[in-house]
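Tertiary structure, described
Each chain is listed here by its residues.
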Amino acid sequence: MKRIHFKKNYIIRILTLGLGIAISVILLSKVFFELSYNDYITDSDHIYIVKENYSEHKGEFTSNFCVSAPIAPAIQNYVPGVVLNTRFTGIGWGSNLIIDENNNKYAGKTALVDTNFVKVFSLKIITGDPIKILNQKHHGLISASIAQKMGGAEKVLGHTFRRDDNKDMEFVIDGIFEDFPQNSDFNYDILISISTFPSDGLNNWIGTDRFTSFVKFADGVNPYSTEVKQALRRLQEEKQNIEQVEASGWQLYYNFEPINDVHLNFGETKNIILILAIVSIFLLLASIFNYILIVISYIVKRSMEVGIRKFHGAKGWDIFRLMLKETGVDFILSMIVAAMLILCLSGNTLSLVGQSMGVMLTIPTIIKLFVIIFVLYIIASIIPSYLFSKIPLSTVFRRYKESKNQWKKALLFLQFFITAVLLFFLIIVVRQYNTIINNDPGYAYENLVHCNVSDVDNTQLQTCINLLESEAFIDQVGASYELPYEGYSGNNIYLAKPTISNTGSVISDNDLFNIADGYSTTENFYEIFEIPFIEGRAPKTENEIAVSEFFVKRMNEFVDWSDGIIGKTVGVSEHGQPFTICGIFKDYVVGDNAFPDGRPIVHFWSELNSSREGNLLIKFKNINSENIAKVEQILKDNLQGKSIEIKIASDDIKAQMTDFIKLRQSILIGGIFSLLITIMGLIGYTEDETARRSAEIAIRKINGAKIYQILEILIKDILKVALVSIILASVLSIFAARNLLDLFAVKTSLNPFIFIFGGLAILFIIIVVVIIKSINVAHQNPVEAIKSE
Amino acid sequence: MLKIKNLSKIFRTEEIETVALNDISFEIKEGEFVAVMGPSGCGKSTLLNILGLLDNSSSGTYELLDKEVGSLKEKNRTQYRKGNIGFIFQSFNLIDELDVFENVELPLIYMKIKASERKKRVDELLKRMNIAHRAKHFPQQLSGGQQQRVAIARAIVAKPKLILADEPTGNLDSKNGKEVMTILTELNKEGTTIIMVTHSEHDAAYSHRIIHLFDGKIISEE
């Protein structure tokens, strides 16, 4: 029986450690994968992206990573220490399809690149001379995977292709390159010579700022030094006539950001990596603490063995070696378990963390993981060997009674703490997710689909609209340049003519504030999205604009339009002419629900059959797959040569939450497995405690203790540890959750009941586990326990 | 005080069956001091456990204080044991985590006696056992004799009518052993019935009657 019990505990010890290692390895692999972005590039630590910073009319600076085409080569000429530069621009508006000579369509991202692109990004060429190819207008290279899909090199090389969204743009493929690694921010499939771009755009020093540009610095050059800044300024003075630009109210300067930070600084990547790293490290620690707890639990049982070893001359180092060996075997077995679990889960890691294990487990990542596991192995060996070496020699002659309870309680405390933190986080993240999902964006999207119709013939488009409007299941058909949940670009509002400010002074052409520019929409856009008007109406001419409620508030900060805003005129940068405000609509959320754009919104007007609006909006009375298929057929039949892809707005909005859902899943996995490991540790602890205290329990029973009184003693002991750890975990979680929620514009409340009920739930689980594991001992005949003593 | 009739105890495992007590009968009157003797494995401790309601017999009847207790369920046995039976073990069986005072106080807690009353009774007993100065010490800080005096104090603190002692001097030197036997004799003189399992002829001489067991049977009474 004892042997079976020992075996059972040993299996639990190996399984929990294996489980913890497996899940942590998956999460840590994702962390290392994200951190490894772009590091395949040779000398990546010397390569920097060029950042453009500008402000209009002395307003706030806006930054972006796109600059005018001549800037990167000029930086190499002007800035000492810059040894290489490259620039490129992605092309494709709403479509990534390319069409071959037989009208077959293939999905592939396209970029116009210069000849240095291959060198800077360490691209491996399979066929062709990239310098020669990229020097020729309308010539380019294609990735090996797309070439393979097309039927191999002979079907690709020397052949002409077109882009689906711009059929006038033809190009010839003369070379094939190895696909970019998955951890690349530049995973283009087709690279076409930059000379294909209109030459006036390529030579424009200010404007046409759509080129992502990189420069490579020589060893020892500081890209942030005064010398570099002065050289950049000189460039601007000589090439951009920057002083004159500044005199007109604009400000513009350039600086650099390391290529290795580009991925991390994109969206929420950094926060997600941080949370994933914390969850995986917590989980690993929980597994290791659990392992040590179970090993220490055997100290009483193994004291005689250690005593005999010492009696025969074993020293502290010998005991440490013994523990190293035993722990080593345990770790190897656990890693085999972990490897098997990872193998079983490998099909799910794509949906779990967004990457397959095959992609994430690169050699450097495997080395890093081994280093982490080795450090944990040493920790897991040192603590038990220290305790075992403290066992006195006299245990050969009498029973070793020391329980090492303080160690065990400390380890349990840490496990409870980790589990509580992860579970509290899980509750907060789930609540935050629900808050975001349920947050009313201020517009309706449930029965809406959209389709990209850019570059189609207006007559064909009108035919489609007529056919769609004649369908009984269609409510309305409209169009817009932008979609609210995809976010709007920005422009500035200025006064069209000198106006009396609300302080009584006259203000003129200053930029007042930045707006979310929804660009043009059809008149029925507001009806389709069910955005109500507070005053006025939708624009009906090119001279009119509709503004949001918040726009009015912002405007009132500057001017006294107490007589009403309808009918007033304002200028909008980029759009030129003064516009008359014809309506005020209710504020709605621009961008995703988690990070809404807080700026005032402005919409312009356009005709329905104008393909320049890009998005055809189709609102259903009754949306279902059959009706969507009918719409798709109508568009396919009538928009000849155009690839039709119907997108459902509600699916788009859900897709925006993908990162957040993956974050939730990661915390969920971490929380559940941490709880599982802790429960297993608790089971081991309780079994050990009840075995160790069996005589005490018997004595208490002999002296009149009832079952519940015995359970009370065992539970009270663990509850004290659990309560303190949960309280501390709550404090840490509140602090951390506040920081996490600060990242979101819409946030869930940090209700204290989350922590009270969450803590009570953990305590309840602990009590149940202790009762289940100790009820048998509490019922045991005390005679047996005393006999075995 | 107690009466057992045709009592047997058989331990069964998958492979063997061991008869620990074989159809024994005897009676012990209130105020008696009875020693149970016999070689190792003759069933002495098994008998004591059954008499102390720690274990059930396989067959036969057991009447304690005019009540049939042989067939009681564990919950009821615990209830009946409280205040009626005190135990003294060879290995003392004190709780290491509790100090001397708390060890002695233990039965009174489970009898739900008020704290002030508990303190009074424990203090009195510790004085009587000459270990009041060790009240805040833990068992491992005491000598064997002191530990057994604590165990006796715990056994009698609830003023039981019956004390069961399983080789109470087995782990003690002769001086401490004599002290323990003197205490048991005093308790018996005060009216407590005592049943003591012992290997020692010397200790058995303190009793009024000796029951000899061999292979689970009573072979003689003297």
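Being a predicted model, the structure only gives us computed values, none of them experimental. The residue numbering used here restarts from 1 in each chain and proceeds along that chain's sequence as written. Chain letters start at A and ligand numbers start at 1, both assigned in the order the entries are written. At least 70 in pLDDT is required for a residue's local features to be given in this predicted model, at least 80 for side-chain atom pairs to be given and counted, and no such filter applies to totals for whole chains, interfaces and linings, which use all residues. Excluded from the side-chain calculation are hydrogens and water; included are all heavy atoms of the structure.

Going along the chain from the N terminus, every DSSP run of H or I of four or more residues is numbered as a helix, and every run of E of two or more is numbered as a strand. A tally of helices and strands in chain A yields 27 helices and 26 strands. A 1.4 Å probe rolled over the protein chains alone gives each residue an accessible area, and that area as a share of the maximum for its type sets the label: buried under 20%, exposed over 50%, partly exposed in between. When each of the 789 residues of chain A is scored for burial, the buried share is 52%. Contacts: residue pairs with any heavy atoms within 4.5 Å of one another. Here the contacts in chain A between residues at least 6 apart in sequence split such that 81% fall between residues at least 24 apart. Residue exposure ignores everything except the shown protein chains as possible cover, and the areas themselves are Shrake-Rupley values with a 1.4 Å probe. For chain A, the accessible surface area stands at approximately 34,800 Å², while carbon and sulfur atoms represent 57% of it.

On to the overall build of chain B, then. Counting its regular elements, chain B contains seven helices and ten strands. Going through the 222 residues of chain B one by one, you find that 56% of them count as buried. The contacts in chain B between residues at least 6 apart in sequence include a share of 70% that link residues at least 24 apart.

Before going further, it helps to examine the packing of helix H3 (residues 100–110) of chain B against helix H4 (residues 115–128) of chain B. All names here are of chain B. Following both chains from N to C, one finds H3 and H4 inclined at 130 degrees, their axes separated by 10 Å at the closest point. With respect to each other, H3 and H4 are oriented oblique. Seen along the crossing, H3 lies across H4 with a hand that is right-handed. Of H4, the residues touching H3 (which contributes Val-100, Phe-101, Val-104, Glu-105, Leu-108 and Ile-109) are Arg-118, Lys-119, Arg-121, Val-122, Asp-123 and Leu-126. Split into classes, the residues belonging to the contact of H3 with H4 amount to seven nonpolar, no polar and five charged. For helices, the fitted line uses only the C-alpha atoms of the stretch in contact; every axis is such a line through C-alpha atoms, and the angle between N-to-C directions lies from 0 to 180 degrees. For classification, angles of less than 35 degrees are called roughly parallel, those exceeding 145 degrees roughly antiparallel, those between 65 and 115 degrees roughly perpendicular, and all remaining angles oblique. The sense of a crossing depends on the near helix, which, turned anticlockwise from the far helix by less than a right angle, makes the crossing left-handed and, turned clockwise, makes it right-handed. The nonpolar class holds Ala, Val, Leu, Ile, Met, Phe, Trp, Tyr, Cys and Pro. Asp, Glu, Lys and Arg form the charged class, and all remaining residues, Gly among them, are polar.

All names here are of chain A. Counting buried positions along strand E8 (residues 139–143) yields five of five residues, so the element is predominantly enclosed. Across the two faces of E8 the burial is the same, with His-139, Leu-141 and Ser-143 and Gly-140 and Ile-142 all buried. Two strands form a pair only when DSSP identifies at least two bridges running between them. Summarising the sheet, E8 and strand E10 (residues 170–177) pair through five bridges and their orientation is parallel. Looking across to E10, one finds that His-139 is bridged to Val-172. Bridge count for E8 against strand E11 (residues 190–193) is three bridges, and the pairing is antiparallel. When the bridges of E11 are listed, Gly-140 appears paired with Ile-192.

Any carboxyl oxygen of Asp or Glu within 4 Å of a side-chain nitrogen of Lys or Arg constitutes a salt bridge here. Following the criterion strictly, the structure yields 23 salt bridges over all chains and no others. Residues joined by salt bridges that share partners form a network here, namely Arg-233, Glu-237 and Glu-246 of chain A.

Disulfide assignment relies on a single distance test, namely cysteine sulfur atoms paired within 2.5 Å. In this structure the tally under the stated criterion is zero disulfides over all chains. The thiol of Cys-451 of chain A is not disulfide-bonded; the next cysteine sulfur, from Cys-464 of chain A, is found 8.8 Å away.

Okay, the sheet that holds strand E8 (residues 193–197) of chain B next. All names here are of chain B. Taking strand neighbours across the sheet as the criterion, the six strands line up as E6-E7-E8-E3-E9-E10 in an open arrangement whose pairing is mixed. Strands at the two margins of the open sheet, each flanked by one partner only, are strand E6 (85–88) and strand E10 (217–221). Averaged over all pairs of adjacent strands, the angle between strand axes in this sheet comes to 20 degrees, irrespective of strand direction. Bridge count between strand E3 (residues 33–37) and strand E9 (residues 209–214): four bridges; the pairing is parallel. Within E9, the position partnered with Met-37 by the bridge is His-212. With respect to the sheet, helix H1 (residues 44–51) is in contact with E3, E6, strand E7 (162–166), E8 and E9, its orientation differing from that of E7 by roughly 155 degrees.

Taken together, the contacts link 23 residues of chain B with 20 residues of chain A. A buried area of about 1,900 Å², summed over both sides, lies between chain B and chain A, and 53% of it is on carbon and sulfur atoms. Accessible surface is computed with a 1.4 Å probe, and the buried area is the amount of it that two parts give up when combined, taken over both parts together. Sorting the residues of chain B by area buried against chain A places Leu-54, Glu-74 and Tyr-110 of chain B first, and these three jointly supply 28% of that buried surface. At the junction of chain B and chain A, the tally comes to zero salt bridges.

A few words on unusual backbone geometry. A positive phi angle, near 65 degrees, is found at His-138 of chain A, a position not held by glycine. Inspection of the secondary structure puts His-138 of chain A in the loop between helix H4 (130–134) and E8. Positioned with a positive phi, Asn-6 of chain B is a non-glycine residue whose angle comes to about 50 degrees. Summarising the element assignment, Asn-6 of chain B is placed in strand E1 (residues 2–12).

With that settled, consider empty space enclosed by the protein. Empty space left among the atoms is revealed by rolling a probe the size of a water molecule over them. The method works on a 1 Å grid over the protein atoms by themselves. A cavity is a set of points holding a 1.4 Å probe that cannot get out, a pocket is an open set with protein on both sides within 12 Å along at least five of seven lines, and residues with an atom within 4 Å of a point line them. Grid points are joined across faces, edges and corners, and a volume is the space filled by probe spheres set on the points. For the structure on display, the rule yields six cavities of 30 Å³ or more. Estimates place the volume of the largest cavity at around 120 Å³. In terms of lining residues, the largest cavity is bounded by 15 residues, among which Ile-702 and Asn-703 of chain A together with Gly-83, Ile-85 and Pro-107 of chain B are the most central. Among the elements that make up the lining of the largest cavity, the one with the highest residue count is E6 of chain B (three residues). Partitioned by chemical class, the residues of the lining of the largest cavity number eight nonpolar, four polar and three charged.

All names here are of chain A. How far a helix is expected to stretch is found by multiplying one less than its residue total by 1.5 Å. Helix length check: helix H26 (residues 752–779) (28 residues) gives 39 Å between terminal C-alpha atoms against 40 Å at 1.5 Å per residue, within 8%. Those residues of H26 that sit buried are Ile-754, Phe-755, Gly-758, Gly-759, Ile-762, Leu-763, Ile-766, Val-769, Val-770, Ser-774, Val-777 and Ala-778. Here a polar contact is taken to be a pair of N or O atoms separated by no more than 3.5 Å, where protein atoms must pair a possible hydrogen donor with a possible acceptor and residues adjacent in sequence count only if both atoms sit in side chains. Looking at where H26 begins, the residue whose side-chain oxygen comes 2.9 Å from the main-chain nitrogen of Phe-753 is Asn-751.

Residues and elements named next belong to chain B. For helix H6 (residues 174–189), spanning 16 residues, the distance from its first C-alpha to its last is 22 Å, which sits close to the expected 22 Å at 1.5 Å a residue. Those residues of H6 that sit buried are Asn-176, Gly-177, Val-180, Met-181, Ile-183, Leu-184, Thr-185, Leu-187 and Asn-188. Following H6 by one or two positions, Gly-191 adopts a phi angle in the positive range, close to 115 degrees.

Assignment of secondary structure puts Arg-77 of chain B in helix H2 (residues 74–81). There is a polar contact of 2.9 Å between the side chain of Arg-77 of chain B and the side chain of Asn-56 of chain B.

This part covers the environment of Lys-720 of chain A. Within the secondary structure, Lys-720 of chain A is located in helix H25 (residues 707–741). Here the alpha-carbon distance between Lys-720 of chain A and Phe-413 of chain A, two residues 307 residues apart in the chain, equals 9.5 Å.

What follows deals with the sheet that holds E1 of chain B. Pairing between sheet strands relies on hydrogen bonds along the backbone, with the strands arranged either parallel or antiparallel. Residues and elements named next belong to chain B. Strand order in the open sheet made by the four strands is E2-E1-E4-E5, with antiparallel pairing throughout. The two strands at the open ends of the sheet, each matched to only one other strand, are strand E2 (17–28) and strand E5 (67–68). Alignment of E1 against strand E4 (residues 59–64), held across five bridges, turns out to be antiparallel. Bridge pairing in E4 links Ile-4 to Tyr-62.

Moving on, we get to the nonpolar core. To qualify as a nonpolar core, a set must consist of buried Ala, Val, Leu, Ile, Met, Phe, Trp, Tyr and Cys residues joined through side-chain atoms within 4.5 Å. Counting residues in hydrophobic clusters, the biggest one holds 106 residues, and the most contacted among them are Ile-292, Phe-331, Phe-416, Phe-660, Ile-667, Leu-682 and Ile-766 of chain A. What Ile-667 of chain A contacts, discounting residues up to four positions off in sequence, is Ile-275, Val-279, Leu-422, Phe-425, Leu-426 and Val-429 of chain A. Core analysis: the second largest hydrophobic core is formed by 38 residues, Ala-151, Ile-163, Ile-183 and Leu-187 of chain B among them.

Turning to the packing of aromatic side chains, a few remarks are in order. All names here are of chain A. Aromatic rings from Phe, Tyr and Trp, taking only the six-membered ring of Trp, are treated as a pair when their centres fall within 6.5 Å; an angle between ring planes under 30 degrees marks them as stacked, one over 60 as edge-to-face, and anything in between as tilted. With the rule as written, the count across this model stands at 37 aromatic pairs over all chains. On the basis of an interplanar angle of 80 degrees and a centroid distance of 6.2 Å, the ring pair of Phe-117 and Phe-180 is categorised as edge-to-face. In this pair, Phe-117 is assigned in helix H3 (residues 117–120) and Phe-180 in the loop between E10 and E11, connecting sequence segments 63 residues apart. Note on accessibility: Phe-117 and Phe-180 belong to one class, buried. With a centroid separation of 5.9 Å and 70 degrees between ring planes, the pair formed by Phe-177 and Phe-180 is classed as edge-to-face. Across this residue pair, the class does not change: Phe-177 and Phe-180 are buried. Geometrically, a charge over a ring is one whose NZ (Lys) or CZ (Arg) sits within 6 Å of the ring centre while staying within 35 degrees of the ring normal. Taking NZ or CZ as reference, Lys-109 lies 5.3 Å from the ring centre of Tyr-188, over its face.

Now for the confidence of the model for chain B. Any region with low pLDDT has predicted coordinates that should not be read closely. pLDDT is a residue-level measure of predictor confidence that goes from 0 to 100. Model confidence for chain B is summarised by a mean pLDDT of 89, while 99% of its residues fall at 70 or above. Reported confidences for the modelled complex are a pTM of 0.69 and an ipTM of 0.73.

Let's shift gears to a negative patch on the surface. Taken together, the side chains of Glu-27, Glu-63, Asp-66 and Glu-68 of chain B present a region of like negative charge at the surface. Secondary-structure assignment places Glu-68 of chain B in strand E5. Patches draw on residues past 30% relative accessible area with no salt bridge. Two like charges within 9 Å are joined, as are two nonpolar side chains (Val, Leu, Ile, Met, Phe, Trp, Tyr) within 5 Å. Note that His is not counted, nor are the chain ends; the positive residues are Lys and Arg, and the negative ones are Asp and Glu. Think of each charge as sitting on NZ of Lys, CZ of Arg, CG of Asp or CD of Glu.

What follows is about a nonpolar patch on the surface. Residue and element names in this part refer to chain A. Residues Val-329, Ile-332, Leu-333, Ile-336 and Met-340 make up a contiguous nonpolar surface patch of about 450 Å² in total accessible area. With respect to the helices and strands, the residue Ile-336 is situated in helix H13 (residues 316–345). A relative accessible area of 44% means that Ile-336 is categorised as partly exposed.

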